[in-house]
Amino acid sequence: MLPTADGATWDANPSEAFATLGHETRLDVLGALWAADGPMRYEALRRTVAPDDRGNFGYHLDKLAGHFIKKSDVGYELRLAGEQVVRAIIAGTITANPELSSRAVDSECVFCGAPVELRYDDETITVQCTACAGLVGGDLPRGTFMHYEFPPGGLSGRSPEEIVDAAHTYYDAKIIPMMRGICPICAGQIETRVEVCEDHEPIADDNEPISDEDTPTDELCSNCDSRTEAWAILQCERCRYTRRSVLWFSILTHPGVVAFYYDHGVDDPVPLRKLTWERAQIERTVSVDVVERAPTVFRICLQIDEEQLVAELDDDLCVRSVERIPAAEPAATTGDTS
Ligand SMILES: [Zn+2]
Ligand SMILES: [Zn+2]
Ligand SMILES: [Zn+2]
């Protein structure tokens, strides 16, 4: 028995369940049921998977029954666990060379406007700036501003730009339910916390002249090794699936924020992808401040042209208020990059 993170225990013996899959015929059964239009009768399934096998086929089916497949009056079909096995195999299938070497992408760094490069290793996409220190440091390559898990199956048939777009959408599809408290992998409950750098050293705007020679403009904060001082950490209590997110992404699905962007020409239901990719300048106007402590309340300001959006966010990522006000000064850039 393996305990899950929320203290529940596993119903099935997991090592036994996975050992069940260690036979080609059984994986072929899952594949055949997955490809079928509906439940399959025993004989049809046997003819499809093992036409020459007359002795052991029933034994293999019995091994899969209960956990991965189910049998009813109309035949055999996949259970959810069986479908997930097949989908995991498809997602992990390497159809082309998955090790992209550094490749130029036709876009610019969110922070400094320099050319960016795409890397793919360990089933993770990294987009990194070729000039500045990017968003996060630590073990990541210098210049990293996007670092998302992405199944190798998603590389197939896509250009580098399309891969990055797909990775953004894939990331959104995982992080949005997590922000609503639901694990996208197991549907368990998400625990959220916010990490705030207590001694943050902001990076000067790369467009500004260097005023203090002792603090180079393109180095990340030495305390948190990040450009941004606040991160949301979202973790499933059950399966421990975890994502880190820049704090202000948490307001991006609020209708008031979507409307604000829409009114300023950003026509994406989740504006994240267009902000970080097509309209990098908008992201540079974002500020996040702590306005109350214990419990913490964050104030996030977004600005486009001559309007500001001010949102207040709890440390459990609930948006408390959203207000639009005229900006004190128009943003230096319109955010219209194309
Ligand atoms: Zn850069
Ligand atoms: Zn810091
Ligand atoms: Zn989970």
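Since this is a predicted model, take the numbers as computed values, not measurements. (Residues numbered from 1 in each chain as written. Chains lettered and ligands numbered in written order. Predicted model: local features only at pLDDT ≥ 70, side-chain atom pairs only at ≥ 80, totals over all residues.)

A word on the pairing of strand β3 (residues 103-108)
Part 1 of the reasoning: Burial analysis of β3 places just zero of its six residues in the buried class, which makes it a mostly uncovered element.
Part 2 of the reasoning: Across four bridges, β3 lies against strand β4 (residues 115-121) in antiparallel orientation. Looking across to β4, one finds that R103 is bridged to L118.
Part 3 of the reasoning: The loop that links β3 with its antiparallel partner β4 comprises six residues; one of these, G113, has a positive phi angle of about 85°. (Buried ≥ 20, exposed ≤ 12 C-beta atoms within 10 Å, placed from the backbone. Helix = DSSP H or I, 4+ residues; strand = E, 2+ residues; numbered from the N terminus. Pairing = 2+ DSSP bridges.)

Quick notes on the confidence of the model for the chain
Part 1 of the reasoning: The pLDDT averaged across the chain works out to 82; a share of 81% of its residues lies at or above 70.
Part 2 of the reasoning: For the stretch residues 206-216, pLDDT sits under 50, and the model shows six contacts to residues farther than four places along the chain or on other chains.
Part 3 of the reasoning: Note that residues 333-338 has pLDDT below 50 and, in this model, 12 contacts with residues that lie over four places away or in other chains. (pLDDT = per-residue confidence, 0-100. Contact = placed C-beta atoms within 7 Å.)

Thoughts on the pairing of strand β5 (residues 124-129)
Part 1 of the reasoning: The buried count for β5 comes to five of six residues, which makes it a mostly enclosed element.
Part 2 of the reasoning: As paired strands, β4 and β5 are joined by six bridges and run antiparallel to one another. Bridge pairing in β5 links V116 to C129.
Part 3 of the reasoning: Remark: two residues form the turn of the hairpin made by β4 and β5, two consecutive strands paired antiparallel; D122 in that turn has positive phi of roughly 50°.
Part 4 of the reasoning: Both β5 and strand β6 (residues 144-149) contribute to a ladder of five bridges, which runs antiparallel. Within the sheet, the bridge partner assigned to T126 lies in β6 and is H147.

Details of the sheet that holds β3
Part 1 of the reasoning: Across the sheet, four strands lie side by side as β3-β4-β5-β6; this open sheet has antiparallel pairing. Taken across any chain shown, the strands that pair with only one partner, and hence form the sheet edges, are β3 and β6. Each adjacent strand pair in this sheet contributes to an overall mean axis angle of 25°, direction not counted.
Part 2 of the reasoning: Packed on one face of the sheet, helix α6 (residues 160-179) meets β3, β4, β5 and β6 and runs near 70° to β3. (Axes fitted to C-alpha atoms, helices over the stretch in contact; angles between N-to-C directions.)

Description of the packing of helix α2 (residues 24-35) against helix α3 (residues 42-49)
Part 1 of the reasoning: One can describe the packing of α2 onto α3 by two numbers: an axis separation of 10 Å at closest approach and a directional angle of 115°. Note that α2 runs across α3; the crossing there is right-handed. Residue-level inspection shows T25, D28, V29 and A32 of α2 in contact with α3, the latter providing L45, T48 and V49.
Part 2 of the reasoning: In terms of residue class, the contact of α2 with α3 is built from four nonpolar, two polar and one charged. (Left-handed = near helix turned anticlockwise from the far one by under 90°. Nonpolar A, V, L, I, M, F, W, Y, C, P; charged D, E, K, R; others polar.)

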